[in-house]
2 protein chains.
Amino acid sequence: MTVTSPKGFRAAGVAAGLKSSGGLDVALVINDGPDTTAAGVFTSNKFKAAPVLWSQQVLRHGIVRAVVLNSGGANACTGPGGFQDTHHTAEHVAAKLTASGGTRAVVGAGDVAVCSTGLIGQRLPLDKLLTGVNAAVRGLARDGGAAAAEAIMTTDTRAKTTVAQGEGWSVGGMIKGAGMLAPGLATMLCVLTTDAVADPGTLDTALRAATARTLDRIDSDGCMSTNDTVLLLASGASGIQPTAEELFEQVHAALDDLGRQLIGDAEGATKEIRIEVRAAASEVDAVAVGRAVARSNLFKTAMFGNDPNWGRILSAAGTAQADFEADNVDVAVNDVWICKGGQAAEDRSKVDLAGRDVHVLIDLGAGDATATIWTNDLSHGYVHENSAYST
Amino acid sequence: MTVTSPKGFRAAGVAAGLKSSGGLDVALVINDGPDTTAAGVFTSNKFKAAPVLWSQQVLRHGIVRAVVLNSGGANACTGPGGFQDTHHTAEHVAAKLTASGGTRAVVGAGDVAVCSTGLIGQRLPLDKLLTGVNAAVRGLARDGGAAAAEAIMTTDTRAKTTVAQGEGWSVGGMIKGAGMLAPGLATMLCVLTTDAVADPGTLDTALRAATARTLDRIDSDGCMSTNDTVLLLASGASGIQPTAEELFEQVHAALDDLGRQLIGDAEGATKEIRIEVRAAASEVDAVAVGRAVARSNLFKTAMFGNDPNWGRILSAAGTAQADFEADNVDVAVNDVWICKGGQAAEDRSKVDLAGRDVHVLIDLGAGDATATIWTNDLSHGYVHENSAYST
């Protein structure tokens, strides 16, 4: 159920004192091979954190032998000094792994991806981090995935892991993220592992296609992070080479599960809202309408108040760049068609919003394309958590 | 200080029972001329309320003799029946005005603009509205502007009026709006009057240019309404024809003042935030960056928490479609330069956020264009007001 479920991976999670809570805060995932192919997808924010800039360089070769991750600091907006910290961390991991003798070969810093998460704008305490790396190298284990997943948590209330099973091979994964969840990507650190045999190009295609339909369609609070990183590492240890389609399917399944877990643990949320847009003129239109609704604070506060306010759904949908006629739009909330043809239909008091799961179905009457966006409500808990603490 | 400050206008505000509170809810503004030229700007939402569709037709002729406005119901997403209600209301106003004999000429329904605000998706109680129109026609007065401004309030806590003085002529105005404040336009009903002499084309040019730099740069909660309407009516009663530039200046001054009043009265807000973007490559870029920050819930909750979290400002700015380098960006909050060159600079504890007014200055280091966006914080009050009541 973790990044160490597939064959060929070890991991560790240790407490290095980066988090004031004293919890686990440094994770290490290594690929023992035989293959060390990899792919990555990163934030499109102009302010990319130092570890993102570093890992983008690493991924250019399509080879990753180790990923070191820390919570307790994002190392974003930290200038050249912050980049040197990341570089130094990767070098330290490489040296320690090589010295430990437990890996097949000499590990270079250029084979080590780095991920960081936490407060923006502060340098990391490098001495603590490197001491943590030493402990993590010593603690690497075939069952270390759970500890690694715990070590990357910030405001997450629970560790988030997954596994998707192919025939004789599998995809394991871990993810963190609770706020700043929005596309391009949803804000997160995510590491997927697989023991399938796959070249970097195949991994890249599968990862991009799967993130585009999963993590990229989560929009909890519309805020895009400086540190988003999703990595996919392949060990080839199963000896099985799935087709590109088979690989996509399992990567998609793993990311879909992890994405649902993000929405389920979003800061202060009391609702998990599935916005399904159908009968759109194109998939792009469907996504645009779903996202416009997902980002409407008026819609989100109405959901928090258990108010099936379809007027706020329409007024948000009406701002999207999408091809449809206002008079053709139907809206159902939890299976009650409260709006038909752009006006009131069934009695809104029939809508039951008492539960945590909400399904908003928007039929644009403009074509046959479909897309689903996931979001949360906007609650007092969100305001409290994000006004009372710096993140 | 109201729509009846310029010569040539009368107005009234009456209680017709549309609001459950029993407060004033029907307003009437009439132009006694000698001119009756007019211009209008409307929401770009695909779901345009019936009164918006109606008034857009009226404004095509460039002539408006009367504006009837109601709170207590938006008449949006009400289908053909809702449009008939609007049509009927305009006809009733025209007939009553003609019968009253107080106007220079026969008034046709096509000269009557209609504005509505309130809950989306419900038909208006037409009998009450028309009875209210009768009372409003009877109550028309040269000093009726204050009552009219009060009658268009919804969740506004105070009436909002203005006057801008030209040389021998003036612009008066009223506005309502407290939630759903976002561009294209900021959500509102707004009526401006002037006793200047101006043809419809000149009025239209001045109104569009002025709204683009005032109301269109307010972004309180990112939500765009179905009913936004801004009207400018000219009576020519001063006998003075200002230049296009002079007209623009006073219309701009009136809208700037009304816009500030909107931000000052936004739902649940504890901060009025001026986001000034300078040294942008273009004005479009400056607006894009300012808007991205204004729409970040993480930035807005930080402001509510008196937290000068510049990392959230940068991460929001970094999502904008704008041409700048991350390493060149400086940020000051209330005159303290907490970020220089994309990284930490002065001690953030020096920033005083105790007051209601916040000035965020973002220097992109990319050119010489500037723009200012106004927004509010995201508070418990906003969540409460928008989750506890349908609007």
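All values reported here derive from a predicted model rather than from experimental measurement.

## A few points about the overall build of chain A
Link 1 in the chain: Regarding its fold elements, chain A presents 10 helices and 15 strands.
Link 2 in the chain: Against the 2.2 N^0.38 benchmark of 21 Å for 391 residues, chain A shows a C-alpha radius of gyration of 22 Å, consistent with a compact globule.
Link 3 in the chain: The C-alpha extent of chain A, read off along each of the three principal axes, is 70 × 50 × 35 Å.
Link 4 in the chain: Split into buried and exposed, the 391 residues of chain A put 63% on the buried side.
Link 5 in the chain: Surface summary for chain A: the accessible area is close to 12,800 Å², and the carbon and sulfur share equals 48%.

## Remarks on the UniProt feature "binding site: substrate" (unreviewed entry) in chain A
Link 1 in the chain: Per the UniProt record, the feature "binding site: substrate" (unreviewed entry) sits at A:T154, A:K176, A:T187, A:E267, A:N386 and A:T391.
Link 2 in the chain: Within the secondary structure, A:K176 is located in strand β7 (residues 170-176).

## A short note on the state of the cysteines
Link 1 in the chain: Taken as a whole and judged by the stated rule, the model has 0 disulfides over all chains.
Link 2 in the chain: Free of any disulfide, A:C339 has its nearest neighbouring cysteine sulfur in B:C77, separated by 6.5 Å.
Link 3 in the chain: Taking relative accessible area as the criterion, B:C77 reaches 9% and is therefore assigned buried.

## Quick look at the sheet that holds strand β6 (residues 160-165) of chain A
Residue and element names in this part refer to chain A.
Link 1 in the chain: The mixed open sheet is built from 5 strands, whose spatial order is β3-β9-β8-β7-β6. The sheet is open, and its two borders are formed by β3 (37-42) and β6, each paired with just one other strand. Shown here is a sheet whose adjacent strand axes are inclined to one another by a mean of 15°, direction ignored.
Link 2 in the chain: Where β7 lies against strand β8 (residues 189-194), 6 bridges are found, and the strand directions are antiparallel. Among the inter-strand pairings, K176 is bridged to a residue of β8, identified as L189.
Link 3 in the chain: Helix α1 (residues 50-59) rests against β3 and β9 (229-234) of the sheet, and its axis sits at about 145° to β3.

## Side note on the interface of chain B and chain A
Link 1 in the chain: Listed per partner, the contact involves 53 residues of chain B and 53 residues of chain A.
Link 2 in the chain: Carbon and sulfur atoms make up 60% of the area that chain B and chain A hide from each other, which totals about 4,200 Å².
Link 3 in the chain: Together, B:K46, B:F47 and B:L298 form the three largest contributors to the area buried by chain B at its contact with chain A, with a combined 16%.
Link 4 in the chain: Scanning the region where chain B abuts chain A turns up 2 residue pairs in polar contact (both at pLDDT 80 or more).

## Here's the deal with the packing of helix α10 (residues 380-388) of chain A against helix α8 (residues 297-304) of chain B
Link 1 in the chain: It is at 7 Å that the axes of α10(A) and α8(B) come closest, and there the two elements cross at 70°. Considering the angle they form, α10(A) stands roughly perpendicular to α8(B). Every residue of α8(B) that contacts α10(A) at A:Y382, A:V383, A:N386 and A:S387 is listed here: B:N297, B:L298, B:T301, B:A302 and B:F304.
Link 2 in the chain: When grouped by side-chain class, the residues that make up the contact of α10(A) with α8(B) number 5 nonpolar, 4 polar and no charged.

## Considering helix α9 (residues 310-317) of chain A
Link 1 in the chain: The element α9(A) is largely enclosed, with a buried count of 8 among its 8 residues.
Link 2 in the chain: By the burial criterion, the buried members of α9(A) are A:W310, A:G311, A:R312, A:I313, A:L314, A:S315, A:A316 and A:A317.

## Observations concerning the relation of the copies chain B and chain A
Link 1 in the chain: Of the two same-sequence chains, chain B is brought onto chain A (RMSD 0.0 Å, axial shift 0.0 Å) by a rotation of 180°. As the rotation angle and translation indicate, the two copies are arranged about a two-fold axis. Using C-alpha coordinates, one finds that chain B approaches the rotation axis most closely at B:H380, a distance of 2.9 Å.
Link 2 in the chain: When the interface residues of chain B are mapped onto chain A, 100% of them again lie at the interface, so the same face is used by both copies.

## Topic: the pairing of strand β2 (residues 26-31) of chain B
Residue and element names in this part refer to chain B.
Link 1 in the chain: Across the 6 residues that make up β2, a large majority, 6, are buried.
Link 2 in the chain: Judged by which residues are buried, β2 turns out to be covered on both faces: V26, L28 and I30 on one side and A27, V29 and N31 on the other are all buried.
Link 3 in the chain: In this structure, β2 lies alongside strand β4 (residues 66-70), joined through 5 bridges in antiparallel fashion. Its bridge partner lying in β4, V29 is registered against V67.

## Some remarks on the sheet that holds strand β6 (residues 160-165) of chain B
All names here are of chain B.
Link 1 in the chain: Pairing is mixed across the open sheet formed by 5 strands, whose spatial order is β3-β9-β8-β7-β6. Both edges of this open sheet fall to β3 (37-42) and β6, since each of them pairs with a single strand only. Taking the axes of each pair of neighbouring strands and ignoring which way they run, one obtains an average angle of 15° across the sheet.
Link 2 in the chain: Pairing between strand β8 (residues 189-194) and strand β9 (residues 229-234): 6 bridges, direction parallel. Considered in β9, the bridge of C190 is made with V230.
Link 3 in the chain: Across the face of the sheet, helix α1 (residues 50-59) comes into contact with β3 and β9 while running at roughly 145° to β3.

## Observations concerning the pattern of salt bridges
Side-chain pairs of opposite charge can arise whenever the charged atoms involved come near each other.
Residue and element names in this part refer to chain A.
Link 1 in the chain: Considering all chains together, one arrives at 28 salt bridges over all chains under this definition.
Link 2 in the chain: When the shortest N-O distance is used, the salt bridge between E346 and K350 registers 3.6 Å.
Link 3 in the chain: For K350, a relative accessible area of 52% corresponds to the exposed category.
Link 4 in the chain: It is possible to trace a salt-bridge network through shared partners that takes in D156, R158, K160 and D265.

What counts, and where the lines are drawn
- Residues numbered from 1 in each chain as written.
- Chains lettered and ligands numbered in written order.
- Predicted model: local features only at pLDDT ≥ 70, side-chain atom pairs only at ≥ 80, totals over all residues.
- Heavy atoms only, no water.
- Helix = DSSP H or I, 4+ residues; strand = E, 2+ residues; numbered from the N terminus.
- Rg over C-alpha atoms; globule rule 2.2 N^0.38 Å.
- Buried < 20%, exposed > 50% of the residue type's maximum accessible area, 1.4 Å probe, protein only.
- Areas by Shrake-Rupley, 256 points an atom, 1.4 Å probe, with all protein chains shown as cover.
- UniProt positions renumbered as here; feature names shortened; annotations may be inferred.
- Disulfide = S-S within 2.5 Å.
- Pairing = 2+ DSSP bridges.
- Axes fitted to C-alpha atoms, helices over the stretch in contact; angles between N-to-C directions.
- Contact = heavy atoms within 4.5 Å.
- Buried area = accessible area lost by both parts, 1.4 Å probe.
- Polar contact = N/O pair within 3.5 Å; in protein donor to acceptor, adjacent residues only side chain to side chain.
- Parallel < 35°, antiparallel > 145°, perpendicular 65-115°, else oblique.
- Nonpolar A, V, L, I, M, F, W, Y, C, P; charged D, E, K, R; others polar.
- Least-squares fit on C-alpha atoms with pLDDT ≥ 70 in both.
- Salt bridge = Lys/Arg side-chain N within 4 Å of Asp/Glu carboxyl O.

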